[in-house]
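# Analysis of the macromolecular model
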Amino acid sequence: DMVHFDVMDGHFVPNITYGAPVLKCLKKAVPEAFYDVHLMISDPARYAQDFATAGANLINFHIEAVPNHVGQTIAAVRETGCLVGLTISPSTPPQAVFPYLDELDLVLVMGVEPGFGGQKFIPTTPTRIAAICAERTRRGCDTLIEVDGGINTETGPLCIAAGADWLVAGSSLFHAMDPAAVVNVLHSK
Ligand code: ZN
C-alpha cells in the first residue's frame, strides 16, 4: 500500500540509516508508491523540504524531538505540501498529541523504542492507540492512526481492533518465508 521510510540521524536515535538522496532514488525507481517518511531526527523542520522535494507524500516527526516547537514544526511540514504526521515514542503519554489532533493528518504510535528494527512489540501499545482513537471520536476529526514497531500477524490485528488505520511491518514482512501471506493476513483484519 505504501513505503514507510525510516530516517535516523545518529543523534535523536543512536542509529544512522539514510537521508533524502536515497528517497530520491527510490522515488525515481518506483514513482507510483506513496512515501511515508518517518523522521527520527533532531531537527525535522530543517530537513522537511529536502524530503518533500525528494518525493515524500507524508512526513512524520517525533514530538520528543521538538517538545517546545510542535506547532511550528507542524506548520513547517505543512508548508512543504506533504501530509503531516506526529509520532510518539512508547514513553510519551498518548494525551500529548491531543492538543494537535485537529491540525494533523496522522498520528504515528510507536510499538517499540525508536532506533532499531526487529524489536519486540510493547504490549501497552493497543491501549495507547485506543486512547487516541477515543479522543478522535470525541472531537469528530478524521486524523489517521498509524502504528510502527513490532507489528506482525499477531500484534497487527490487536492494533487494528484498538483503532489503528495503518500498520507498518518491517522484520515480520522482510524476514518471512512468504511475505505475501503476511500482507494477506494483515489486509484481512
Ligand atoms: Zn518508522
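Refer to the structure presented above.
All figures in this text were calculated on a predicted structure; none of them were measured in a lab. (Residues numbered from 1 in each chain as written. Predicted model: local features only at pLDDT ≥ 70, side-chain atom pairs only at ≥ 80, totals over all residues. Heavy atoms only, no water.)

## Notes on the pattern of salt bridges
- Overall, the coordinates contain five salt bridges when judged by the stated rule.
- With its nearest N and O atoms 2.8 Å apart, the salt bridge here joins Arg78 to Asp105. You can see Arg78 sitting in helix H3 (residues 70-79) and its partner Asp105 sitting in the loop between strand S4 (83-88) and strand S5 (106-110), a full 27 residues away along the chain.
- Across the salt bridge formed by Asp102 and Arg139, the nearest N and O atoms sit 2.8 Å from each other. Remark: Arg139 occurs in helix H4 (residues 125-139) and Asp102 occurs in the loop between S4 and S5; sequence separation between them is 37 residues.
- Residue Asp102 is classed as exposed on the basis of its relative accessible area, which comes to 53%.
- With relative accessibility at 31%, the residue Arg139 sits in the partly exposed group. (Salt bridge = Lys/Arg side-chain N within 4 Å of Asp/Glu carboxyl O. Helix = DSSP H or I, 4+ residues; strand = E, 2+ residues; numbered from the N terminus. Buried < 20%, exposed > 50% of the residue type's maximum accessible area, 1.4 Å probe, protein only.)

## Quick look at the nonpolar core
- Counting residues in each nonpolar core, the largest one holds 43 residues, and the members touching the most others are Leu23, Val37, Phe51, Ile59, Val97, Ile129 and Ile132.
- With four residues, the single largest contributor to this core is helix H2 (residues 44-54).
- If we ignore the near neighbours within four places in the chain, the residues touching Phe51 are Phe5, Val7, Gly19, Ala20, Leu23, Val37, Leu39, Ala56 and Ile59. (Core = buried A, V, L, I, M, F, W, Y, C linked by side-chain atoms within 4.5 Å. Contact = heavy atoms within 4.5 Å.)

## Observations regarding the coordination of the zinc ion
- Coordination of the zinc ion by the protein is provided by His4 (NE2), Asp6 (OD), His38 (ND1) and Asp148 (OD), with metal-donor distances spanning 2.0 to 2.2 Å.
- The site at the zinc ion holds four donor atoms, and with the angles between them running 90 to 164°, its shape is irregular.
- Counting the intervening residues between successive donors of the zinc ion yields the motif H-x1-D-x31-H-x109-D. You can see Asp6 sitting in strand S1 (residues 3-8) and its partner His38 sitting in strand S2 (residues 35-40), a full 32 residues away along the chain.
- Judged by its relative accessible area of 0%, His38 falls in the buried class. (Donors = N, O, S within 2.8 Å, 3.2 Å for Na, K, Ca; no water. Tetrahedral: all angles 85-135°; square planar, octahedral: opposite > 155°, others 65-115°.)

## Considering the side chain of Thr155
- When you line up the elements, Thr155 lands in helix H5 (residues 155-162).
- According to the relative accessible area criterion, Thr155 is buried, its value standing at 10%.
- If we ignore the near neighbours within four places in the chain, the residues touching Thr155 are Phe121 and Gly150.

## Re the layout of surface pockets
- Its volume calculated, the largest pocket comes out at about 1,100 Å³.
- Every residue lining the largest pocket is counted, 40 residues in all, and those nearest its centre are His4, Leu167, Val168, Ala169 and Gly170.
- Partitioning the lining of the largest pocket into residue classes produces 19 nonpolar, 16 polar and five charged. (1 Å grid on protein atoms, 1.4 Å probe; cavity = no way out; pocket = protein on both sides within 12 Å on 5 of 7 lines; lining within 4 Å. Points joined across faces, edges and corners; volume = space filled by probe spheres on them. Nonpolar A, V, L, I, M, F, W, Y, C, P; charged D, E, K, R; others polar.)

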